[in-house]
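# Topology and contacts: notes
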Amino acid sequence: MCSRIVRMSHKQPVDYDFCRTAKLTPKDLLIWLDLDGLLDKTLDDLYSWQFFGRNMMIIDSCIRISCVHKEFDRWANSEEMMFDISRPAEQRAFVDWILEQRESETNSQ
């Protein structure tokens, strides 16, 4: 598995190993993963409505991810994943999920 993919907006590689192990807040993790451009600036950078075809919300140290848009009803019914970034195993799982989504997007193009 590739541990680095070129960051599209800055043309710098994302350091997935660093993102898996560094103590970061959810927002800082999204910045390091070059995903901060997806955040809704009008809602305090806590939401994204275009997060790999899903909705994403930050609550404290957790990143909530919904099911795909076409199946989304409301958060109470549509949360598919939640990663507590304060837990190292869940931070690694989130970074691995992001890497899978990016690889999937690359393969579908």
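The structure under discussion appears in the preceding block.
Residues numbered from 1 in each chain as written. Predicted model: local features only at pLDDT ≥ 70, side-chain atom pairs only at ≥ 80, totals over all residues. Heavy atoms only, no water.

In space, the 4 strands of this open sheet follow the order 1-2-3-4, with antiparallel pairing throughout. This sheet does not close on itself; its edge strands, each paired only once, are strand 1 (47-51) and strand 4 (79-84). Sheet twist, expressed as the average angle between the axes of neighbouring strands with direction ignored, equals 20°. Of the strand pairs in this sheet, strand 3 (residues 62-68) and strand 4 are connected by 5 bridges, and their pairing is antiparallel. (Pairing = 2+ DSSP bridges. Helix = DSSP H or I, 4+ residues; strand = E, 2+ residues; numbered from the N terminus. Axes fitted to C-alpha atoms, helices over the stretch in contact; angles between N-to-C directions.)

Moving on to the pairing of strand 2 (residues 54-59). Both faces of the sheet carry side chains from a regular strand, because those side chains alternate between them. Burial of strand 2 is extensive: 5 of the 6 residues sit out of reach of the surface. Bridging between strand 1 and strand 2 involves 3 bridges; their strand directions are antiparallel. Bridge pairing links Tyr47 to Met57 in strand 2. Linking two consecutive strands that pair antiparallel, namely strand 1 and strand 2, is a turn of 2 residues; a positive phi of about 55° is found at Phe52 within it. Relative to strand 3, strand 2 runs antiparallel, the two sharing 5 bridges. Within strand 3, the residue paired with Ile58 across the bridge is Ile63. Joining the antiparallel neighbours strand 2 and strand 3 is a turn of 2 residues, in which Asp60 adopts a positive phi near 55°. (Buried < 20%, exposed > 50% of the residue type's maximum accessible area, 1.4 Å probe, protein only.)

Any functional reading would require information beyond the geometric quantities listed.
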